[in-house]
Amino acid sequence: MHLNWYNIGTIYQIYPRSFKDSSGNGVGDLRGIINQLDYIKSLHVDIIWISPIFQSPNNDNGYDVSDYCEILPEFGTMSDFDELLNEAHSRNLKVILDLVPNHTSDEHDWFKKAKQSKDNEFRDYYIWKKPAEDGGLPNNWPSFFGGPAWTLDEKSGEYYLHLFTKNQPDLNWENPKVREEIYKVMRFWLNNGVDGFRMDVITLLSKDLSFSNVDLSIGFRKIIERHYANGPKIHDYLNEMNEKVMQHYDAFSMGEGVGVTPINAPLYVANDREELDMVYHFDVLENNILNGKYEEITDFNLLNIKKVFRDWHQVYEQNGWVANAFGNHDFARMVSRFANDTTFQKQSAKMLITLMATQNGTLTVYQGDEIGMTNVDLEHIDEVNDIQSLNFYAENLQTKKFSEIQALQMINNEGRDNARTPMQWSDEKYAGFSSAKPWLKVNPNYTSINVENQLDEEGSILNYYRKILAIKKENDIFCVGEFSEIEQNNEHLFAYTKKFEDNRLLVLLSFSEVPINVEYKFNKNYSYEEIINNYETIEMNSNSIKLLPYQALIFNIQVN
Ligand code: TEU
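Because the structure is a prediction, the values reported are computed rather than measured.

Asks: Is there a simple way to explain the overall build of the protein in this structure?
Replies: Scanning the protein from N- to C-terminus turns up 17 helices and 21 strands. Compactness check: the protein gives a C-alpha radius of gyration of 23 Å against a globular reference of 24 Å for 560 residues, within 12% of the reference. Along the first, second and third principal axes, the C-alpha set of the protein runs to 80 × 50 × 50 Å. With 560 residues in all, the protein has 62% of them scored as buried. Residue pairs in contact within the protein that sit at least 24 positions apart in sequence constitute 71% of those at least 6 positions apart.

Following this line, the structure appears as structure tokens:
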């Protein structure tokens, strides 16, 4: 198998609003990123993915773009961006941007013009429908962020489609002019030197033109999978995009795979398809979210996570490639969701990265996870910023399904702001993120969890990330190979061997708060070299290993 730089490389995701403020206005910016490039490089990551930096009214913090080829002034200027790119490249770091091709902001010029009249040349850039016969909504489609996916444009008496907020009208990809506009945007950035794109909700581009009602009882996740994502022309569009743009550059595409399953993923990413280079799947991130956020969640269950990884192996068998994530800007913090963010915060943060770093696929690391940042407690709805949470809260005030206290609790458990609190750089005021009050509350635990504390502490989470990512960089087996699970039905242990070419690894990960014993017969003909351990000790004999709470171990196996 041929591995490209983007298969082997580790991606570090930056949410620019929360990364580092250099201008003192409480909002992170490009110069903040430039100033931290040495820090980023020191993590041994290879690629930086920056969430949207384009002109935007920030209804959905940049995922509502009003000009794809301008930088949001709060973040800086085009020359700051050029400098960022040059400085990153000079450190051998690639940079990918977040392309948002499914929708624009309602403040984008195209939409402003489209709204002017039914025969405006931009009208067909968006998706318009007449009211239903009873004068109501064209169909019963719910939006991702609560409420219907249609909003009435009073002037024309027609509804426009928006799968996200009403300020994010969906583009009409049936229109070849729209597709050309987006390709133009892509070429603009690629010609400027960027190394690729993370493509926001790329699976939603092709709509089911029957626009028939959906069965709401199947839950939102199934609605996405069956009706919103994977539409009839999606593969034509991605093929065209690849042919007209991507294949002309040494750049890669990582499609946000909302609604993608291990079964249909190869259609997007198998080598011979010439569509996307990798799909970023949601099966770990949404593992305990059954139907959709704020609908139903279950307790964390390791057996389900193990099954996810097992299921996705089939994508490699078909020459496809995926990107893995335990966290991003849309989910609660990984250490709070999947492990233990109190007594064993340190051990479990290290254990989770050990798991992720040894799975097949491209590893993505979300800012702050490398120091074990945790969920935050927002004490009042006024402290909430995220539009998805705010809409849920407002809707709940009407339906009264949950008490206000419960609703806030749910936001604190599941909400997107958990991942968006300012990066904790030091124990200075505002966590060293900014000299002014930040746009979103700083997690009060910044006094103990911060970069500065961890820089020189040998046993810190940060230094553990550095160590494992450095080893991963030199060893392809970390991101590719055949798996063989040990004690597959053990709900406190994730253990496996990996084999790739002549290399072998043994990985043992405890998800238990008490010590556990793993029966494992060490082969006398092999030698086992411990290369990763999140504790200083190890207890083992020839037939078993005792794992301490959340212990993570990797052995390099050599045939004698
Ligand atoms: O996310 C798409 C998406 O599916 C998320 O909305 C996710 O389902 C949700 O947050 C979890 O409940 C992308 C971006 O990552 C997100 O930040 C944007 O809000 C969204 O697209 C719209 O552009």
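From this point, the discussion proceeds with the structure in view.
Asks: Just to check I follow, could you spell out the site of the ligand for this structure?
Replies: Looking at the ligand, there are 18 residues lining it, with Asp60, His103, Asp200, His329 and Asp330 nearest. One of the side-chain N or O atoms of Asp330 is found 2.5 Å from an oxygen atom in the ligand. Protein burial of the ligand: of its 490 Å² of free accessible surface, 97% is covered by the chains. For the shell around the ligand, the residue count by class is seven nonpolar, three polar and eight charged. Shared between two domains, the shell around the ligand takes at least three residues from each, and those domains are domain 1 (1-100 + 328-376 + 421-478) and domain 3 (176-324).

Asks: I tried to follow the pairing of strand E2 (residues 47-50) on my own but got confused; where do I start?
Replies: One face of the sheet, then the other: side chains in a regular strand alternate in exactly this way. Side chains Ile47 and Trp49 of E2 all project onto a buried face; the interleaved residues Ile48 and Ile50 project onto the opposite face, where all are buried too. In this structure, strand E1 (residues 11-14) lies alongside E2, joined through four bridges in parallel fashion. Directly across from Gln13, in E2, lies its bridge partner Trp49. As paired strands, E2 and strand E5 (residues 94-99) are joined by four bridges and run parallel to one another. From the neighbouring strand, Ile50 faces E5, where its bridge partner is Leu97.

Asks: What is the right way to look at the packing of helix H13 (residues 345-357) against helix H17 (residues 461-474) in this model?
Replies: To describe two helices that pack against each other, one gives the angle between their axes and the distance between the axes. Here H13 crosses H17 at 15°, and the two axes come no closer than 10 Å. Here H13 lies roughly parallel to H17, going by the angle between them. The crossing of H13 and H17 is right-handed. Counted together, Gln345, Lys346, Ala349, Lys350, Ile353, Thr354 and Ala357 of H13 and Ile461, Tyr464, Tyr465, Ile468 and Lys472 of H17 form the full contact between these two elements. Class assignment for the residues of the contact of H13 with H17 results in seven nonpolar, two polar and three charged.

Asks: I would appreciate a short explanation of the nonpolar core in the present structure.
Replies: Within soluble globular proteins, side chains that are nonpolar generally end up buried alongside one another. Tyr12, Tyr39, Ile40, Phe81, Phe144, Met186 and Phe197 are the most contacted members of the largest nonpolar core, which totals 163 residues. Leu493, Ala495, Leu508 and Phe555 belong to the second-largest nonpolar core, a separate cluster that totals 14 residues.

Asks: Could you clarify how one ought to interpret unusual backbone geometry in this entry?
Replies: A negative phi angle characterises most non-glycine residues, just as the trans form characterises most peptide bonds. Residues other than glycine seldom take positive phi values, yet Asn92 does so here, at roughly 65°. Summarising the element assignment, Asn92 is placed in the loop between helix H5 (78-90) and E5.

Asks: Explain the pairing of strand E21 (residues 552-559) here, please?
Replies: Of all the eight residues making up E21, six are buried; the element is thus mostly covered by neighbouring parts of the structure. Note: strand E16 (residues 503-510) against E21, six bridges, orientation antiparallel. For Val507, the partnering residue across the bridge sits in E21 and is Ile554. The pairing of strand E18 (residues 526-533) with E21 spans seven bridges and is classified as antiparallel. Bridged to Glu529 within E21 is Asn556.

Asks: How should I be thinking about the environment of His162 in this particular structure?
Replies: Structurally, His162 is set in the loop between strand E8 (158-161) and helix H7 (176-191). Exposure remark for His162: the relative accessible area of 3% places this residue in the buried category. For the pair His162 and Pro148, spaced 14 residues apart in sequence, the C-alpha to C-alpha distance is 8.5 Å. Discounting residues that sit within four places of it in the chain, His162 has contacts with Ser143, Pro148, Ala149, Trp150, Thr151, Gln168, Pro169 and Asp170. Separated by 2.8 Å, the side chains of His162 and Thr151 make a polar contact.

Asks: What exactly am I supposed to notice about the packing of helix H14 (residues 387-399) against helix H15 (residues 404-414) here?
Replies: Two elements in contact, H14 and H15, have axes separated by 10 Å at closest approach and are oriented at 160°. Comparing the axis directions of H14 and H15 gives the class roughly antiparallel. Read as a crossing pair, H14 and H15 show a hand that is right-handed. Within the contact between the two elements, H14 uses Ser389, Phe392, Tyr393, Asn396 and Leu397 and H15 uses Glu404, Ala407, Leu408, Met410 and Ile411. Looking at the contact of H14 with H15 residue by residue, the class counts come to seven nonpolar, two polar and one charged.

Asks: What exactly am I supposed to notice about the domain arrangement of the protein here?
Replies: Where the parts come together, the accessible area they lose is often given as the size of the interface. If you check the domain split of the protein, you get domain 1 (1-100 + 328-376 + 421-478), domain 2 (109-161), domain 3 (176-324) and domain 4 (481-559). Each of domain 2 and domain 3 was reduced to a C-alpha centroid, and the two centroids are 25 Å apart. With 14 residues of domain 2 in contact, the opposing surface of domain 3 contributes 16 residues. Together domain 2 and domain 3 conceal approximately 1,500 Å² of surface at their shared face, both sides included; 70% is due to carbon and sulfur atoms. For domain 2, the biggest contributors to the area lost against domain 3 are Tyr125, Trp141 and Phe144; these three give 45% of the whole. The interface formed by domain 2 and domain 3 holds zero salt bridges in total. Joining domain 2 to domain 3, the criterion identifies six residue pairs in polar contact (both at pLDDT 80 or more).

Here is what the cut-offs are and how they apply
- Residues numbered from 1 in each chain as written.
- Predicted model: local features only at pLDDT ≥ 70, side-chain atom pairs only at ≥ 80, totals over all residues.
- Heavy atoms only, no water.
- Helix = DSSP H or I, 4+ residues; strand = E, 2+ residues; numbered from the N terminus.
- Rg over C-alpha atoms; globule rule 2.2 N^0.38 Å.
- Buried < 20%, exposed > 50% of the residue type's maximum accessible area, 1.4 Å probe, protein only.
- Contact = heavy atoms within 4.5 Å.
- Near = heavy atom within 4 Å.
- Polar contact = N/O pair within 3.5 Å; in protein donor to acceptor, adjacent residues only side chain to side chain.
- Areas by Shrake-Rupley, 256 points an atom, 1.4 Å probe, with all protein chains shown as cover.
- Nonpolar A, V, L, I, M, F, W, Y, C, P; charged D, E, K, R; others polar.
- Domains from an automatic or database assignment.
- Pairing = 2+ DSSP bridges.
- Axes fitted to C-alpha atoms, helices over the stretch in contact; angles between N-to-C directions.
- Parallel < 35°, antiparallel > 145°, perpendicular 65-115°, else oblique.
- Left-handed = near helix turned anticlockwise from the far one by under 90°.
- Core = buried A, V, L, I, M, F, W, Y, C linked by side-chain atoms within 4.5 Å.
- Buried area = accessible area lost by both parts, 1.4 Å probe.
- Salt bridge = Lys/Arg side-chain N within 4 Å of Asp/Glu carboxyl O.

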